[in-house]
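Remarks on the overall topology
Residues per chain, in single letters:
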Amino acid sequence: MITVMIADDQKMVRTGFRMILDAQHDMKVIAEAADGVEAVELARRHRPDVCLLDIRMPRLDGLEAARMLSGPGVADPLRVVMVTTFDMDEYVYAALRAGASGFLLKDAGPALLLEAVRAAAGGEALVSPAITVRLLQHLAAPPTAPAVNPLSERELDVVERVARGRTNAEIAADLFVSVSTVKTHLESVRAKIKLRNRVEIAAWAWENRIVG
C-alpha cells in the first residue's frame, strides 16, 4: 500500500486528489495539510511514501517545504511530487533541484497523477510530459563553459529521451532494447554525473544542451 500526504491550501483540490487516490487498491491518503508548515510537520510525523505538495501555499511555500523534506543534506529524505496550476511557475525548476521526485500540473488528469505517485514510490521520477521540454528549456541556464561529457553515445540517447518526458517503456521501444537495459543505462548515468533521480538527469540534459 502506497501511503500519501496531500498538501494544498484549497480544500476542493485536496478532496479531489483524495477521492482519486483512495479509489486505488494500492494507495491510501494518510494526511492532509492546508499550508507548508503543517505539511512539513505531518510529513515528518507520518512518514508517507509520497508527499504531494502545492508550490504556492501560505506560511511556507512548497519549494521550502520540499527542501526541508527531500533536499540535499536531509538525512532520511521523503519522496515529494510538486503540483501547481502554472506550467511556467518560476519556482518549479528550483523545486526539482531541491529534491522533488516529480512535477505535475493540477489539470494533468487522474492517470498522470497516479503514474507520478507510483513512480515516486518506486524511486523513479516523473515530470508532466506536456510541459517537460518547455519548462526545463525555459528555466535551465546555459552553461558558462562546455561541460565535460562522460556519457556513452547510447547513454546520451537515453538521457535525451528522459529530458523529453519519455517513460522507460517508451525509451526501450524507441531504441529497440529492453526496459531493464534502459534502467541499467540510467543507473550508469546517475553514477557518472552524480545525480539522484530522473528529474535531475532531465535538468542536466537541458543545462548541457544534450537536447537541442
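This structure is a prediction, so every number in the text was calculated from the model and none was measured. (Residues numbered from 1 in each chain as written. Predicted model: local features only at pLDDT ≥ 70, side-chain atom pairs only at ≥ 80, totals over all residues. Heavy atoms only, no water.)

Attention now goes to the overall build of the chain. In terms of regular secondary structure, the chain is built from ten helices and six strands. With 212 residues in all, the chain has 49% of them scored as buried. The long-range share in the chain, meaning contacts at least 24 apart out of those at least 6 apart in sequence, stands at 65%. On the chain, roughly 9800 Å² of surface is accessible, and the fraction owed to carbon and sulfur atoms is 55%. (Helix = DSSP H or I, 4+ residues; strand = E, 2+ residues; numbered from the N terminus. Buried < 20%, exposed > 50% of the residue type's maximum accessible area, 1.4 Å probe, protein only. Contact = heavy atoms within 4.5 Å. Areas by Shrake-Rupley, 256 points an atom, 1.4 Å probe, with all protein chains shown as cover.)

Here we come to the nonpolar core. Judged by nonpolar contacts, the single largest core of 22 residues is most densely connected at Met-5, Ala-7, Cys-51, Leu-53, Leu-69, Val-80 and Met-82. Elements supplying a minimum of two residues to this core: strand S1 (2-7), strand S2 (27-33), helix H2 (36-46), strand S3 (50-54), helix H3 (62-70), strand S4 (80-84) and strand S5 (102-105). With four residues, the top contributor of residues to this core is H2. Every residue in contact with Leu-69, bar those within four places of it in the chain, is listed here: Val-40, Ala-43, Arg-44, Cys-51, Leu-53, Val-74, Pro-77, Leu-78 and Val-80. (Core = buried A, V, L, I, M, F, W, Y, C linked by side-chain atoms within 4.5 Å.)

Under the criterion given, the structure shown has 14 salt bridges. Lys-106 is the partner of Asp-54 in a salt bridge, and the nearest nitrogen-oxygen pair spans 3.6 Å. One end of the pair, Asp-54, is in strand S3; the other, Lys-106, is in the loop between S5 and helix H5 (110-121), with 52 residues separating them in the sequence. Between Glu-187 and Arg-190 there is a salt bridge, with the nearest N and O atoms lying 2.4 Å from each other. One end of the pair is Glu-187 and the other is Arg-190, both in helix H9 (residues 179-193) and three residues apart, which spans about a single turn. Looking at Glu-187, the relative accessible area reads 46%, which means it is partly exposed. In this structure Arg-190 comes out as buried when scored by relative accessible area, which is 13%. Three or more residues are tied together by salt bridges with common partners; here these are Arg-14, Arg-18, Asp-22 and Glu-32. (Salt bridge = Lys/Arg side-chain N within 4 Å of Asp/Glu carboxyl O.)

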